[in-house]
Amino acid sequence: TRSRVDFNRENFLPFGDLARDGFGGWYADGNASLDGPSPSGEFAVANSGPAAVTGVFPAGIYTHALSERLDAALRSPLVPKDKKFLTLQVVGGRMGAWRPILDNCMLSEGYQLLDSDSPRWLKIPNRDDQPTLPFYVELVTKGSNPRIPDRPERLKRDQVTQAQLDSPYSYFGIARAFLHDVDESPREELSHLAPLFAGASPASREALAERYAAIIRRSLDRWAAGKSTDDDARWIGWLLENRLVTNASSQTPRLHRLVEDYRLAESRIAAPKTFNGMADLEAGYDFPVLPAGDAEHPGKIVPRGFLQLITGTPKGVKAFGSGRLEIANLIASPANPLTARVMANRIWLHVFGRGIVPTADNFGVYGERPSHPELLDALAAQFIREGWSIKKHIRFLLMSQTFQQSSQASPEALVSDPQNRLLSHYLVRRLEGESVRDAILAASGRLDRTMYGPSIQPYREEPKDYRKLHQGPLDGNGRRSIYIKVTRHEGSRFLDTFDFPNPTVARGNRDTTNVPAQALALLNDPFVLDQAGVWADKLIKAQAPTVESRLDSMFRTALGRSPDDVERARFAGLAKELASLHKAAPGKILESREVWKDMAHAIFNLKEFTYLR
């Protein structure tokens, strides 16, 4: 025993005290971590099957101590580079997993599943291949895994079933962590066996058995009294693992009732939902310059600091962490007018179609000059006074006389302000792609105005499941375009045709083009044709008495106005031509789906339908 203790003391350096309040330098989040570390003798109740508990553990952190339905993540401090290995004593299952994270790359792969209800040693090689990049280890339940459900196949594809992915259960636990250079795990210390050798040697097998029984009884008594030690937990865990003690939930009526009550209460816990974000956990560190982005040949270390052209100070960041909080305070400071100017200009751009500074992404010397600099300053000051409220600012602009102008330009304005830089009249502009799609759904009656909910995969003629480019419904289940899922690889082809911005870069100004592909999309896209048919079905079901009354209804629905006499006569003539083309029976023109599908399609293709006047 002494040789094992000496070996461990000489070769293994504790890496945080995981049983101590505050997790001993490790960082925990999620519902399962709210109560802090667990004492010696912690146990987990089995949520199904005949067993009462799944294990009894030494002091540490166990996400399933209360329930396997709670989510959690645990992250180590940065691993020192002067040791070859990090070894953890862990339990875990049901897609509880661990991974090393290099250079804070949270979206990297590398998760490996945990699969043991009893503490096991997990040896992790240090990343000595990247001596300049920080490295730490993360343990997660399934609900806190940022690669699920997006890329579950990377988690040992042949070992993960759909039932496991759908299950709300997942857990992990950790008791100890060590840094070391020797190529083996810590040796099991045998302090729990010391009482076997106390006193005189047993004279018989029966006496030895009684000594075992006495030690086990004392361990169980201390466990029952809430005074368990790690040695007691090892004894009880060993008994459970080897089925040497009864673990049936039906052992007594009271135990059976308690386990069933627990399982009923646990079944009502909602499945965890998490949103990934960032936080400052370490004190921060300076980083070398990487010439040409080459991480294998780092340059000199550069102290962290703010943008000196903004702050005018060359000193590095003295605050805790990365300095993001200080940068955020600087950006949003009332004493910094640039942020408010940029935001006021962005809001103006979305309301009026063009910013006071047309280059919304560039207020510098290479951008365009503001058309109304004093107005921009006044709007920025007002924006700050009103608490940076975007809603109040939009309302102020919409209530203005400038916004409520007609888009019909006067002859004088066409001469003095041909580009409408001075907003002598409202700026005619094409609707954004999302608005075009939503307008089609609204006209057909298919638009689902329900707020919130999961995103919808866009319709794809050739889905590629291996790239996670799945097939979505043609009409997106009627959901507004804001709920169409955006991916970097391939978005909605219809929205892309109407200048949907590239999701890989930030854009203040959208491109607004008028190209043949847009006209062809409105003529041939299966979504447009499908919604024309949906609208036709709705019109026929409404049973309008005359062609003219139906046309009036269609114009009001699609354009927000009634047709004038010339438009009404022209579209009525088109209806007759279509009836002849589709061989509609005399007197049955109002019941012909083909006729009214083509009529709806024609209205979708009006310029007024896709342009804001």
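Up top is the structure.
Residues numbered from 1 in each chain as written. Predicted model: local features only at pLDDT ≥ 70, side-chain atom pairs only at ≥ 80, totals over all residues. Heavy atoms only, no water.

Trainee: What am I meant to see in the nonpolar core here?
Mentor: Generally speaking, soluble globular proteins have nonpolar side chains that are buried together. Residues Ile-440, Trp-535, Trp-596 and Met-599 are the most contacted members of the largest nonpolar core, which totals 37 residues. Those elements giving two or more residues to this core turn out to be α12 (433-444), α13 (493-497), α14 (516-524), α15 (526-542), α16 (547-559), α17 (565-581) and α18 (593-604). Apart from the residues within four sequence positions on either side, Trp-596 is in contact with Ala-536, Val-547, Arg-550, Leu-551, Met-554, Ile-589 and Leu-590. The next biggest cluster of nonpolar side chains, apart from the first, holds 24 residues, and it includes Val-79, Trp-98, Leu-133 and Val-137. (Core = buried A, V, L, I, M, F, W, Y, C linked by side-chain atoms within 4.5 Å. Buried < 20%, exposed > 50% of the residue type's maximum accessible area, 1.4 Å probe, protein only. Helix = DSSP H or I, 4+ residues; strand = E, 2+ residues; numbered from the N terminus. Contact = heavy atoms within 4.5 Å.)

Trainee: Looking at this structure, I do not really get α17. What am I missing?
Mentor: One full turn of an α-helix is made of 3.6 residues, so residues set three or four places apart face in the same direction. Taking 1.5 Å of rise per residue, 17 residues should cover 24 Å, and α17 covers 24 Å from first to last C-alpha, within 8% of that figure. Glu-567, Arg-568, Phe-571, Ala-572, Ala-575, Leu-578 and Ala-579 are the residues of α17 that are buried. Buried residues in α17, looked at end-on, bunch into an arc of 130 degrees, giving them a common side. For α17, exposure combined with an orientation more than 90 degrees from the buried face picks out Asp-565, Val-566, Ala-569, Arg-570, Lys-576, Glu-577, Ser-580 and Leu-581. Check the buried side of α17 and you find it contacts α16 and α18. The backbone nitrogen of Val-566 has a side-chain oxygen 3.2 Å away, supplied by the residue at the start of α17, namely Asp-564. Just past α17, the residue Lys-583 takes up positive phi, approximately 55 degrees. (Expected span 1.5 Å × (residues − 1). Arc of directions from axis to C-beta. Polar contact = N/O pair within 3.5 Å; in protein donor to acceptor, adjacent residues only side chain to side chain.)

Trainee: Any chance you could explain a nonpolar patch on the surface here in plain terms?
Mentor: Taken together, Ile-390, Ile-394 and Leu-398 make up a surface patch of nonpolar side chains, about 210 Å² in accessible area. Structurally, Ile-390 can be placed in helix α10 (residues 390-398). (Patch = residues over 30% accessible without salt bridge, like charges linked within 9 Å, V, L, I, M, F, W, Y side chains within 5 Å. Areas by Shrake-Rupley, 256 points an atom, 1.4 Å probe, with all protein chains shown as cover. Salt bridge = Lys/Arg side-chain N within 4 Å of Asp/Glu carboxyl O.)

Trainee: Would you mind going over the sheet that holds strand β11 (residues 135-140) with me for this structure?
Mentor: What holds strands together in a sheet is hydrogen bonding between their backbones, with the strands either parallel or antiparallel. With antiparallel pairing, the five strands of this open sheet are ordered in space as β2-β6-β11-β8-β9. Because the sheet does not close on itself, it has two edges, and the strands there are β2 (27-29) and β9 (112-113). Where strand β8 (residues 97-102) lies against β9, two bridges are found, and the strand directions are antiparallel. Residue pairing across strands places Ala-97 opposite Leu-113, the latter belonging to β9. (Pairing = 2+ DSSP bridges.)

Trainee: Whenever I open this one, unusual backbone geometry confuses me. Can you help?
Mentor: What you tend to see is this: most non-glycine residues have negative phi, and most peptide bonds are trans. The residue Leu-423 is not glycine, and still its phi comes out positive at about 55 degrees. Positionally, Leu-423 belongs in the loop between α11 (411-416) and β15 (429-430). With relative accessibility at 14%, the residue Leu-423 sits in the buried group. Of note in this structure, Gln-543 is not a glycine but carries a positive phi near 55 degrees.

Trainee: How do you make sense of the environment of Ser-144 when you look at a structure like this?
Mentor: Along the chain, Ser-144 falls in the loop between β11 and α2 (162-166). Residue Ser-144 is classed as buried on the basis of its relative accessible area, which comes to 9%. Sequence separation between Ser-144 and Ser-170 is 26 residues; the distance between their C-alpha atoms is 9.8 Å. Contacts of Ser-144, omitting those with residues within four sequence positions, involve Asp-71, Ala-72, Ala-73 and Thr-274. Engagement of the side chain of Ser-144 in a polar contact is seen with the side chain of Asp-71, the distance being 3.3 Å.

Trainee: Mind showing me how you'd approach the packing of aromatic side chains here?
Mentor: Two measures describe an aromatic ring pair: the distance that separates the ring centres and the angle between the ring planes. Tallying each qualifying case throughout the model produces 17 aromatic pairs. Here Phe-403 and Tyr-426 contribute two aromatic rings whose centre-to-centre distance is 5.7 Å and whose plane-to-plane angle is 90 degrees, an arrangement assigned as edge-to-face. One end of the pair, Phe-403, is in the loop between α10 and α11; the other, Tyr-426, is in the loop between α11 and β15, with 23 residues separating them in the sequence. The class for Phe-403 is partly exposed, based on a relative accessible area of 26%. Centre to centre, the rings of Phe-604 and Phe-609 are 5.4 Å apart; their planes meet at 50 degrees, and the pair counts as tilted. In this structure Phe-609 comes out as buried when scored by relative accessible area, which is 4%. These aromatic residues form a ring-pair network of at least three members: Phe-7, Phe-12, Trp-121 and Phe-178. Above the face of the Tyr-483 ring, Arg-479 is positioned so that its terminal group lies 4.0 Å from the ring centre. (Phe/Tyr/Trp six-rings, centres within 6.5 Å; stacked < 30°, edge-to-face > 60°. Lys NZ or Arg CZ within 6 Å of the ring centre and 35° of its normal.)

Trainee: What exactly am I supposed to notice about the environment of Pro-463 here?
Mentor: Mapped onto the elements, Pro-463 comes out in the loop between α12 and α13. Here Pro-463 falls in the partly exposed class, since its relative accessible area comes to 36%. Sequence separation between Pro-463 and Arg-369 is 94 residues, and the spatial gap between their C-alpha atoms is 45 Å. Beyond its immediate sequence surroundings of up to four residues, Pro-463 is in contact with Leu-469, His-470 and Gln-471.

Trainee: What should I look at first to understand the side chain of Arg-550 in this one?
Mentor: As for its placement among the helices and strands, Arg-550 is situated in helix α16. An unpaired buried charge is present at Arg-550: no salt bridge exists, and Glu-591, the closest side chain of opposite charge, is 8.2 Å distant. In terms of polar contacts, Arg-550 uses its side chain to reach the backbone carbonyl oxygen of Leu-590, at 2.8 Å. Not counting residues up to four positions away in its chain, the partners in contact with Arg-550 are Leu-539, Ile-540, Gln-543, Ala-544, Leu-590 and Trp-596. (Lys, Arg positive; Asp, Glu negative; His and termini not counted.)

Trainee: Where do I start with the pattern of salt bridges in this structure?
Mentor: For side chains of opposite charge, pairing can occur when their charged atoms come near one another. The final tally for this structure, using the stated rule, is 29 salt bridges. Between Glu-241 and Arg-120 there is a salt bridge, with the nearest N and O atoms lying 2.8 Å from each other. Here Glu-241 is found in helix α4 (residues 230-241), whereas its partner Arg-120 is found in strand β10 (residues 116-125), with 121 residues between them in sequence. On the basis of relative accessible area, Arg-120 is assigned to the partly exposed category, the value being 39%. Asp-552 is the salt-bridge partner of Arg-568, the closest N and O atoms lying 3.0 Å from each other. Residue Arg-568 is located in helix α17, and its partner Asp-552 is located in helix α16; the two are separated by 16 residues in the primary sequence. Via salt bridges that share partners, Asp-29, Arg-75, Arg-99 and Glu-138 belong to a single interconnected network.

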